[in-house]
Structure formats: C-alpha cells, structure tokens
Amino acid sequence: MISLAAPDATMYWLSRRTRNDQFLLYCFTESGRTDNALRAEILQRCAAVPELRLRLHDDPTGLAYPRWIPAEPAAAQIEQHRLPAPHWPELLAAVGRLTGTGVDARESPWRLHIFREVRDGPVCGSPATVVVLQISHALADGRGASRIARALFTEPTPPEAGSASPGAEPVGETPPPGTAPAECRPVSAAGEPESKGGRSARPASAKQALGPPGADEFAPVPRIGGLPADRGARSPGIPAVPLASLRAAVTLPVGIARTVRRGMAAARARNELAALTTAGRVPPPGTGYPPGPLNGPAEVTGHAVRLLVCPADDFRVPGLSVTVVGLTVVSIAVERYLRAYGAQVTRLGAQVPMALPPRRGVRNNYRSLGVDLAAGEQDPRRRAALIAAELTARRERARHPLLDAQDAVDAVLPPLLLRRDVRDYPIDSIPEQVTGHTVVSSVNRGPADLRFGGAPVRFTGGFPALGSVMHLTHGIHGLGQTVTLSVHADPGVVDPDVYAGHLRDALRELPRLRD
C-alpha cells in the first residue's frame, strides 16, 4: 500500500464535495469488431496498466492519508452507451451529462465510456467510436491521465523472436510520445502562485486546489511511474488500518512541529521574494480580477460540451506556442461573447494550469498562472504578443525556487489538518478576486498512433471541470496533426452554441497572426 501525497489527498477529499474528475475523449474510426470482443480486449488492456489496477482505501479515523491498494479491473467499469440517435449532437449531449458525474475512488478511480456508430462527427467521414476515459483527479493530473490513456490505447507490439519468453504479459508503460514541432513547444513548464485574493489550481492545499483540475502546459506527456499490482492481490487485512492510524497518531505532534518549522521558512521565503520583486529582479505577481459574468452564480446549473477540431498547422505560428495561439483565440471569443450580451469588458484573464517537474510519490504536479488576455486590443498579432509576454512573466515568477518553500510546508501537513481545511473551505462562495474569468488548459497527447479495436484514432479532447467560480472552461489538446479546442460550459450562464460560434470566428482570424 502507498499513501496519497498531500496534493492527491486534497483532490480526493474535494471530490467528496464537488465534481473534479477528468474526462479524456478519444474519437476512433469505427471498428469492425463486435461489442463483446471490444469490451474483452479493452478489459485486458486495462489489466496491463498499473494505475488502472488500483483503488483507494480510506483511513476511517482520519489520522492517516488514504492509501492505494490493488484492485483488478472489472467489466462493470466499462460501460457501452446507446444513444437515442447515433449522431454527433446526441453524443455531445451524453458526454455533457457524464461531466456532471463523479467516480468514487474507493470503489474504482476510473470508468471507460464507449459510444459506437456515431455519425456526422468532425474529421471522420464515416461512423466513429468515441471513448471517454473518466478518471479521479487523485489518481493523475492532466499529463498523467494522458499517459494512462496512451498506455490503454497503444496496441502491444509483437515481441521479436527470442526477445520475450512465451506468455509474457504486456507492460503498461509506453514510450513518451513524439514532440510537437519546434514552434509549438513551450518554454519549460512552471506554475503561478495564487493571485492576490484569487484561487489557484496548485493542488497542495484545500484553498489552492480549487482551480481547474487536470490540465497542464502543451508539452509531451512524460513517463511517470505507477504502482504495479499483482494479479489476484488482496486488500489489506483489518489489522493494517489500525496500525496506520496508530502510526499517524503517534507522529502527529512531530508532523505539527515540522509544519510550523517549514511555515516559518516559507514566511522568510515570501519576504525574500517580495524584496526581489521590489528590486525588479522578479516579475510582480498577478493582480487578480474582480469576478465577471462567467464567474457566477456559485452553483453549477448544468453541463454542456462542444469540440472544434482543427488542423495542427492552424496553431503553428512562428514565435508563438500552441498555448499562446489558443489563448489568443479564447480571448477574442470571450470578449466578443460578453460584449454581445451587454457586458463591460475592461480586463479579462484566464487561469492556465502549468506543469511542474514530477515529484516522487506525487501524482498532481501543477500550479496555475493568472494570464491577462489583453482585452480591448483589436490587432490579433499585438494581442498574441501581449499574451505571450504575460505568460512568460508569470512563468518566470512561478519558476523561482523560493516558491518551493510553500510546497515543503504542504508536504508535511498532517492529514487531520489538511482534511479539516478541505472540509471547511467555502467552495460555494465567490471570492472578491479570481485568478481568471475562464480556464484554458493545454496538453499535447502525442502522435496519432493510438488504436481501439484495431481502428485508428482521429482526434482527442478534454473538459476541465466547472465549479462555483468557473462556469466556462477550455481544453487545448493536440494529437498528431490535429488540435482540438474543447469547451465545457454551464448552459445556465453561457450559451454553448453561441459561444462556439464566436470561437469559430476567432479561429478564422488565425492567419492574421502570420501577416
């Protein structure tokens, strides 16, 4: 058994209060195999992916962190859905309903949803199979979830003669996907601390984890180790739980003392960072934004999704990353949408999750940047340049090693205290300042060499979660020669079709970035 790290436990405990699962959509050409054959094949694949052979075991006393224990994939975790009519609009409606659900990681931290014979979808001129991997945020962040999906949909390569013993089982690890073209690669991933009065997505504490789960900078998905589970492994016996609780109770005073010591060091680091900022050696922090029309009401009233699948070449602009190009498109569309409904748009910001280097034992490695979207700038080239400069400044500050001092505090926070913070945090209220008015997350999911039932993949998408503050989120997901701009909206706040129309109009302006 392996205990959850503090960021991962935060995500798990938050899932008991709100929906924060990740949903990874993959569209494949329709397979000629039968339903039963497809389900049997994918179940066998699941058994070869270490992360899909786990479930959570919670400590009933609350003194110890939950632990991952072995659990074999079951057929019930793979669900085939029958649409009233097998057409793309019905598929989008069904996926929208799924995004309002959540898994219980104690029973299973993932589900796989299959929709067959879907017609009239983008890119595919023939019927398609759409597969949605729903996964607990405690199990993986955006990069980790993409790596799991890649392992799941990569067909095993037949071993060369003499390279493997007969009957060897496939291994869940897969090579890292190919890199994006040079102009699409980002600067090294980093994150942004919480803006003044805002909420960030750095999943190290209850307050900081309330940003959008899941997504990271447009960078190749790395290899991050899972926890192998032996076939037929049994759950821990009853004595293991009291032992873990007893150990946590005995070490609680030590944990509190370590938290206090590291907290004092973090305070010194904040003062030093403030001095460097005053001296102009570090960019200032983001100022945050007053909540806007997209940031309320507190309760999410519903879920709707849309996908715009584009040629990757549309997002390849010399000197700009795919993330910057996507942010530019979103900034134009959001501003026009709000103005069309009579809103005064003076400032506009996006919360952009950014990847952090992997940390041992931690599955959620990201923070959030608050990126200004240059509202009011009419020249798309100038707008993109301003967004790129802002993103660079936010990244530079977030990369500073002094910010690691707060991570060190969170790493030793006793679970009893962290669980209390998650339980008591007012997630249903709208703060006076937010990190951004919308969410834009970006992940490169590698080359388009994935298959399902022997059929090739066409494109991928994903939907960052909605919440009390965020009622409109975006995903930018690359796969092979496509980039998909995904929309997840609360239809009580945003008309998804009208807004998607503004996104299409903004996409048509991308050639102006090359002028």
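Look up: the structure comes first, before these words.
To start, this report covers the structure provided alongside it. Since this is a predicted model, take the numbers as computed values, not measurements. (Residues numbered from 1 in each chain as written. Predicted model: local features only at pLDDT ≥ 70, side-chain atom pairs only at ≥ 80, totals over all residues. Heavy atoms only, no water.)

**Here we look at the pattern of salt bridges**
Counted under the stated rule, the structure contains 24 salt bridges. Of the charged contacts, one joins Arg116 and Asp35 as a salt bridge, the two residues approaching to 2.7 Å between their closest N and O atoms. In this pair, Arg116 sits in strand 6 (residues 110-118) while Asp35 sits in helix 2 (residues 35-46), placing the two residues 81 residues apart along the sequence. What makes Arg116 buried here is its relative accessible area of 13%. Under the relative-accessibility criterion, Asp35 is labelled partly exposed at 23%. (Salt bridge = Lys/Arg side-chain N within 4 Å of Asp/Glu carboxyl O. Helix = DSSP H or I, 4+ residues; strand = E, 2+ residues; numbered from the N terminus. Buried < 20%, exposed > 50% of the residue type's maximum accessible area, 1.4 Å probe, protein only.)

**Regarding unusual backbone geometry**
The omega angle of the peptide bond from Gly296 to Pro297 is 0 degrees, so this bond is cis rather than trans. Mapped onto the elements, Pro297 comes out in the loop between helix 5 (240-278) and strand 8 (304-311). Despite not being glycine, Asp120 has its phi angle at roughly 70 degrees, a positive value. In this fold, Asp120 is placed in the loop between strand 6 and strand 7 (128-135). If you check the backbone angles, Ala374 has positive phi at about 55 degrees while not being a glycine.

**Examining the pairing of strand 10 (residues 366-372)**
Most of strand 10 is tucked away: 6 of the 7 residues are buried. Here 7 bridges tie strand 9 (residues 349-355) to strand 10, and the two strands are oriented antiparallel to one another. Its bridge partner being in strand 10, Gln351 is matched across the sheet by Gly370. (Pairing = 2+ DSSP bridges.)

**So, the sheet that holds strand 12 (residues 451-452)**
The sheet built from 6 strands is open, its strands ordered 5-6-7-2-13-12 with mixed pairing. With partners counted over all chains shown, the strands left at the sheet margins are strand 5 (78-81) and strand 12, one partner each. Note that strand 12 and strand 13 (residues 455-462) share 2 bridges and pair antiparallel. In the strand pairing of strand 13, Phe452 is matched with Ala455. Strand contacts of helix 3 (residues 88-98): strand 2 (22-29), strand 5, strand 6, strand 7 and strand 13, with the helix running at about 170 degrees to strand 6, the strand carrying the most contacts. (Contact = heavy atoms within 4.5 Å. Axes fitted to C-alpha atoms, helices over the stretch in contact; angles between N-to-C directions.)

**Here we look at helix 1 (residues 6-15)**
Most of helix 1 sits inside the fold, with 10 of its 10 residues counted as buried. Along helix 1, the positions that sit buried rather than exposed are Ala6, Pro7, Asp8, Ala9, Thr10, Met11, Tyr12, Trp13, Leu14 and Ser15.

**Notes on the environment of Asp59**
Structurally, the position occupied by Asp59 is in the loop between strand 3 (54-57) and strand 4 (67-70). In terms of polar contacts, Asp59 uses its side chain to reach the backbone amide nitrogen of Leu63, at 3.0 Å. (Polar contact = N/O pair within 3.5 Å; in protein donor to acceptor, adjacent residues only side chain to side chain.)

**So, the packing of helix 6 (residues 322-340) against helix 7 (residues 380-398)**
As a packed pair, helix 6 and helix 7 sit with axes 9 Å apart at the nearest point and diverge in direction by 120 degrees. The angle between helix 6 and helix 7 places the two elements in the oblique class. Crossing of helix 6 over helix 7 shows right-handed handedness. Contact residues: Val324, Leu327, Thr328, Ser331, Ile332 and Glu335 in helix 6; Pro380, Arg383, Ala384, Ile387, Ala388 and Leu391 in helix 7. Residue classes in the contact of helix 6 with helix 7 are distributed as 8 nonpolar, 2 polar and 2 charged. (Parallel < 35°, antiparallel > 145°, perpendicular 65-115°, else oblique. Left-handed = near helix turned anticlockwise from the far one by under 90°. Nonpolar A, V, L, I, M, F, W, Y, C, P; charged D, E, K, R; others polar.)

**Concerning the side chain of Arg316**
With respect to the helices and strands, Arg316 occurs in the loop between strand 8 and helix 6. A relative accessible area of 14% places Arg316 in the buried class. There is a polar contact of 2.7 Å between the side chain of Arg316 and the side chain of Asp313. Of note is the side chain of Arg316, whose polar atom sits 3.2 Å from the side chain of Gln481.

**With respect to the nonpolar core**
Counting 48 residues, the largest nonpolar core has Tyr499 and Leu503 as the members making the most contacts within it. Mapped by element, the contributors of at least two residues to this core are strand 8, helix 6, strand 9, strand 10, helix 7, strand 14 (472-479), strand 15 (482-489) and helix 10 (496-507). Ranked by the residues each element gives to this core, the list is headed by helix 6, at 11 residues. Those residues in contact with Leu503 that lie beyond four places of it in its chain are Leu308, Val329, Val330, Ala333, Leu485 and Val487. Core analysis: the next-biggest nonpolar cluster, separate from the first, contains 44 residues, Leu24, Phe28, Tyr65 and Leu133 among them. (Core = buried A, V, L, I, M, F, W, Y, C linked by side-chain atoms within 4.5 Å.)

**Describing the packing of helix 1 against helix 9 (residues 415-424)**
Contact geometry for helix 1 and helix 9: axes closest at 10 Å, N-to-C directions at 40 degrees. Judged on the interaxial angle alone, helix 9 and helix 1 are oblique. Note that helix 1 runs across helix 9; the crossing there is right-handed. Along its contact with helix 1, which presents Ala6, Thr10, Trp13 and Leu14, the element helix 9 presents Pro415, Leu418, Arg419 and Val422. Here the residues of the contact of helix 1 with helix 9 are counted per class, giving 6 nonpolar, 1 polar and 1 charged.

**Details of the sheet that holds strand 3**
Taking strand neighbours across the sheet as the criterion, the 3 strands line up as 1-4-3 in an open arrangement whose pairing is antiparallel. Because the sheet does not close on itself, it has two edges, and the strands there are strand 1 (2-3) and strand 3. Where strand 3 lies against strand 4, 4 bridges are found, and the strand directions are antiparallel. The partner of Arg55 across the bridge, within strand 4, is Ile69.

**Let's talk about helix 9**
If you check which residues of helix 9 are buried, you get Pro415, Leu418 and Val422. Projected down its long axis, helix 9 carries its buried residues within an arc of 65 degrees, all on one side. In the core, the buried residues of helix 9 are packed alongside helix 1. (Arc of directions from axis to C-beta.)

**Digging into the state of the cysteines**
Each disulfide is one covalent bond, formed between the sulfur atoms of two cysteines. Inspection of every chain in the model, using the stated rule, returns 0 disulfides. Looking at Cys27, it has no disulfide partner, and the nearest cysteine sulfur is the one in Cys124, 3.7 Å off. (Disulfide = S-S within 2.5 Å.)

**Here's the deal with the packing of aromatic side chains**
Counting across every chain of the model gives 8 aromatic pairs. Judged by centre distance (5.3 Å) and plane angle (55 degrees), the rings of Tyr26 and Phe153 are tilted. Here Tyr26 is found in strand 2, whereas its partner Phe153 is found in helix 4 (residues 142-153), with 127 residues between them in sequence. Considered together, Tyr26 and Phe153 belong to a single accessibility category, that of buried residues. Cluster of aromatic residues (ring-pair linked, three or more members): Tyr26, Phe28, Phe153 and Phe452. (Phe/Tyr/Trp six-rings, centres within 6.5 Å; stacked < 30°, edge-to-face > 60°.)

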